[in-house]
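If you want the building blocks of each chain, they are given just below.
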Amino acid sequence: MANLKAAVPIEENKSGAYVHDRTRIPANPEWNWKQWAANNQGYLWGIAFGLLLTAAVMETREAWESHRDWVPPALLVPAVLSGLALGHLGQRGKVNAVAVPGFLLGVTLFAIVMHLWVKEDHPGNGGLLTTFTIISYASLIAAAHWLIAAVIFVEVTDPTRPPEPEM
């Protein structure tokens, strides 16, 4: 019988051999990578989005003609966090919270593509290059901070809940 009056409840005398009998314990379920990926798709998409946003930061940095080396490190952490936030909000199905940052990320992608096009086909057009670079960074910063704020707002107003027990 367990001594419940002790500081730590202990059972000094085991009342049966069943306690240490491993044959009565069911085996672990088989590991299925498809089920694991389905359960963690928000994290996986978040990592992918974080890497894509990091690539966008670095691509936009390449566009600067002058030295603005403080900008990429200042934006890398929000870019990775916003990628994870985007994956989390997508996993939860909060499409309304992703609408505005998604539009801003589209503007960022458009500005990066236009910058690359102007750089290749119209060399020497520095004013247009600078315009597209500024638009891409401004929209990327706005999208990153909006996503971080959106995930905080969604978690405060409608927190993630654990699934119902299956038993």
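Parameters at a glance
Residues numbered from 1 in each chain as written. Predicted model: local features only at pLDDT ≥ 70, side-chain atom pairs only at ≥ 80, totals over all residues. Heavy atoms only, no water. Helix = DSSP H or I, 4+ residues; strand = E, 2+ residues; numbered from the N terminus. Core = buried A, V, L, I, M, F, W, Y, C linked by side-chain atoms within 4.5 Å. Buried < 20%, exposed > 50% of the residue type's maximum accessible area, 1.4 Å probe, protein only. Axes fitted to C-alpha atoms, helices over the stretch in contact; angles between N-to-C directions. Parallel < 35°, antiparallel > 145°, perpendicular 65-115°, else oblique. Left-handed = near helix turned anticlockwise from the far one by under 90°. Contact = heavy atoms within 4.5 Å. Nonpolar A, V, L, I, M, F, W, Y, C, P; charged D, E, K, R; others polar. 1 Å grid on protein atoms, 1.4 Å probe; cavity = no way out; pocket = protein on both sides within 12 Å on 5 of 7 lines; lining within 4 Å. Points joined across faces, edges and corners; volume = space filled by probe spheres on them.

### Considering the environment of Leu51
Part 1: Tracing the backbone through its elements, the reader meets Leu51 in helix H2 (residues 41–63).
Part 2: C-alpha separation for the pair Leu51 and Leu76, spaced 25 residues apart in sequence, amounts to 9.8 Å.

### Focus on the nonpolar core
Part 1: Ranked by internal contacts, the top residues of the largest apolar core, which has 21 residues, are Val57, Leu89, Leu105, Leu140 and Leu147.
Part 2: Every element with two or more residues in this core is listed here: H2, helix H3 (71–92), helix H4 (95–121) and helix H5 (126–157).
Part 3: With 7 residues, H5 is the single largest residue contributor to this core.

### Here's the deal with the packing of H3 against H5
Part 1: Interaxial distance between H3 and H5 falls to 8 Å at its minimum, and their mutual angle equals 45°. Relative to H5, the element H3 lies oblique. Remark: the crossing between H3 and H5 carries left-handed chirality. Across the interface between the two elements, Val71, Pro72, Leu75, Pro78, Ala79, Leu81, Ser82, Ala85, Leu86, His88, Leu89 and Arg92 of H3 pack against Tyr137, Leu140, Ile141, Ala144, His145, Leu147, Ile148, Ala150, Val151, Val154 and Glu155 of H5.
Part 2: For the contact of H3 with H5, the class distribution of residues is 18 nonpolar, 3 polar and 2 charged.

### Section: the side chain of Ser82
Part 1: Position of Ser82 among the secondary structure elements: in helix H3.
Part 2: According to the relative accessible area criterion, Ser82 is buried, its value standing at 1%.

### Points about the environment of Asn39
Part 1: With respect to the element layout, Asn39 can be found in helix H1 (residues 33–39).
Part 2: Remark: the alpha-carbon pair of Asn39 and Gln91, spanning 52 residues in sequence, is separated by 9.5 Å.

### Focus on the environment of Leu75
Part 1: Its location among the elements puts Leu75 in helix H3.
Part 2: Sequence-wise, Leu75 and Met58 are 17 residues apart; in three dimensions their C-alpha atoms are separated by 9.7 Å.
Part 3: Beyond its immediate chain neighbours, meaning those up to four positions away, Leu75 contacts Val57, Tyr137, Leu140 and Ile141.

### A few points about the layout of surface pockets
The probe, sized like a water molecule, is rolled over the atoms to show the empty space still left.
Part 1: Its volume calculated, the largest pocket comes out at about 190 Å³.
Part 2: Among the secondary structure elements, those contributing two or more residues to the lining of the largest pocket are H2 and H4.
Part 3: Its residues assigned to classes, the lining of the largest pocket comprises 8 nonpolar, 1 polar and no charged.
Part 4: Every residue lining the second largest pocket is listed: Asn39, Asn40, Gly42, Tyr43, Leu84, Gly87, His88, Gln91 and Arg92.
Part 5: Broken down by element, the residue count for the lining of the second largest pocket peaks at 5 residues, all from H3.

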